[in-house]
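Residues per chain, in single letters:
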Amino acid sequence: FLYNARVTLDGVTIQNSPFNGVVIAEGGQLDFGGAPSLINGIGGDGINTTAGVVVVVNVTISNNAGRGVYGGQGSSVFLGNQLVGGADAPLDIFGNAKGGVEVEGANFRTLAGGAPNSLIHIHNNGDVGLNIGASPFADVAGHVKIDGNAGGQIEAAASTVVIENGVQIQGDVAAFLNAVVYISG
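Just so it is clear, the structure is predicted and the values come from calculations on it, not from any experiment.

A. Inspection of the environment of V128 at higher detail. For V128, the location among the structural elements is in the loop between β14 (120-123) and β15 (130-133). A sequence separation of 20 residues divides V128 from G148, and the C-alpha atoms of the two residues are 9.4 Å apart. If sequence neighbours within four positions are ignored, V128 has contacts with G99, G100, N149, G151, G152, Q153, I154 and E155.

Written out as structure tokens, the structure is:
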């Protein structure tokens, strides 16, 4: 549990917790370092934040009972595929029962333009791959692939979402409750 603290996970495994894997509260920040990390088999969300900042890179988030990543009101969630300094660092989010990534009232952005050999892959989750609700800003760009999610690939509600060059979506994109989705390339 992080409150007004910053933590970097580097080669860490978080497994089989009955609750959320990592919780980031007001003013907290979580990021990932050099060696790949694993968040697996958690009883809730793999990563859960409200009013915190999460930079998710170089980690596998899989087979959790909740969502892979959840960003609540006032949060900023960034998914990346490259470490500081430029090394490739893939991000793999799959097999999570309640979906891959969900943001509600949070800023969301992928940082995936500079590492062509490294992918952000959101796939085979039990609900929507990327669920964006009431987000003030959501930008999906770069080497991102979203496919095989049971509840759909991208769902936007009451949000503005920009899907840019390089993104591969195999399946549906849904927008409702006055959501606007821009597709550019």
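Next comes the rest of the description.
B. Representation of unusual backbone geometry within the structure. In this structure, N4 takes a positive phi of about 50 degrees despite not being glycine. With respect to the helices, strands and loops of the structure, N4 is situated in the segment before β1 (6-9). The exposure class of N4 is exposed, given its relative accessible area of 54%. The phi dihedral of N63 falls on the positive side, at around 55 degrees, and the residue is not glycine. Mapped onto the elements of the fold, N63 is located in the loop between β8 (59-62) and β9 (69-71).

C. Examining the sheet that holds strand β7 (residues 53-56) more closely. Taken in spatial order, the eight strands of this open sheet run β1-β4-β7-β10-β13-β16-β19-β22, and their pairing is parallel. With one partner strand each, in any of the chains shown, β1 and β22 (180-183) form the two edges of the open sheet. Going across the sheet, the axis of each strand differs from the next one's by a mean of 15 degrees, ignoring polarity. As paired strands, strand β13 (residues 107-111) and strand β16 (residues 138-140) are joined by two bridges and run parallel to one another. Paired with R109 across the strands is D139, a residue of β16.

D. Looking closely at the side chain of S75. With respect to the secondary-structure elements, S75 resides in the loop between β9 and β10 (76-80). Owing to a relative accessible area of 1%, S75 belongs among the buried residues under this scheme. At a separation of 3.3 Å, a polar atom in the side chain of S75 contacts the main-chain carbonyl oxygen of T49. A distance of 2.9 Å separates the side chain of S75 from the backbone nitrogen of A51, its partner in a polar contact. In contact with S75, not counting residues within four places along its chain, are T49, T50, A51, G52, G105, A106 and N107.

E. Spotlight on the pattern of salt bridges. Taken as a whole and assessed by the stated rule, the structure comprises four salt bridges. For the salt bridge of R67 with E102, the shortest nitrogen-to-oxygen distance reads 3.2 Å. In this pair, R67 is assigned in the loop between β8 and β9 and E102 in strand β12 (residues 101-104), connecting sequence segments 35 residues apart. Each member of the pair, R67 as well as E102, is classed as buried.

F. Focus on the pairing of strand β19 (residues 160-163). As paired elements, β16 and β19 share three bridges and run parallel to each other. By the bridge assignment, A138 is partnered in β19 with V161. Pairing analysis gives four bridges linking β19 to β22, with the strands arranged parallel. The partner of V161 across the bridge, within β22, is V181.

G. The arrangement of the sheet that holds strand β17 (residues 144-147) in detail. Read from one edge of the open sheet, seven strands run β2-β5-β8-β11-β14-β17-β20, paired in parallel fashion. Looking along the sheet, the strands with just one partner apiece sit at the ends: β2 (13-15) and β20 (168-170). Here the average twist between neighbouring strands, direction ignored, is 5 degrees. The sheet contact formed by β2 and strand β5 (residues 37-40) spans three bridges and is parallel. Note that in β5 the partner of I14 across the bridge is I39.

What counts as what
- Residues numbered from 1 in each chain as written.
- Predicted model: local features only at pLDDT ≥ 70, side-chain atom pairs only at ≥ 80, totals over all residues.
- Heavy atoms only, no water.
- Helix = DSSP H or I, 4+ residues; strand = E, 2+ residues; numbered from the N terminus.
- Contact = heavy atoms within 4.5 Å.
- Buried < 20%, exposed > 50% of the residue type's maximum accessible area, 1.4 Å probe, protein only.
- Pairing = 2+ DSSP bridges.
- Axes fitted to C-alpha atoms, helices over the stretch in contact; angles between N-to-C directions.
- Polar contact = N/O pair within 3.5 Å; in protein donor to acceptor, adjacent residues only side chain to side chain.
- Salt bridge = Lys/Arg side-chain N within 4 Å of Asp/Glu carboxyl O.

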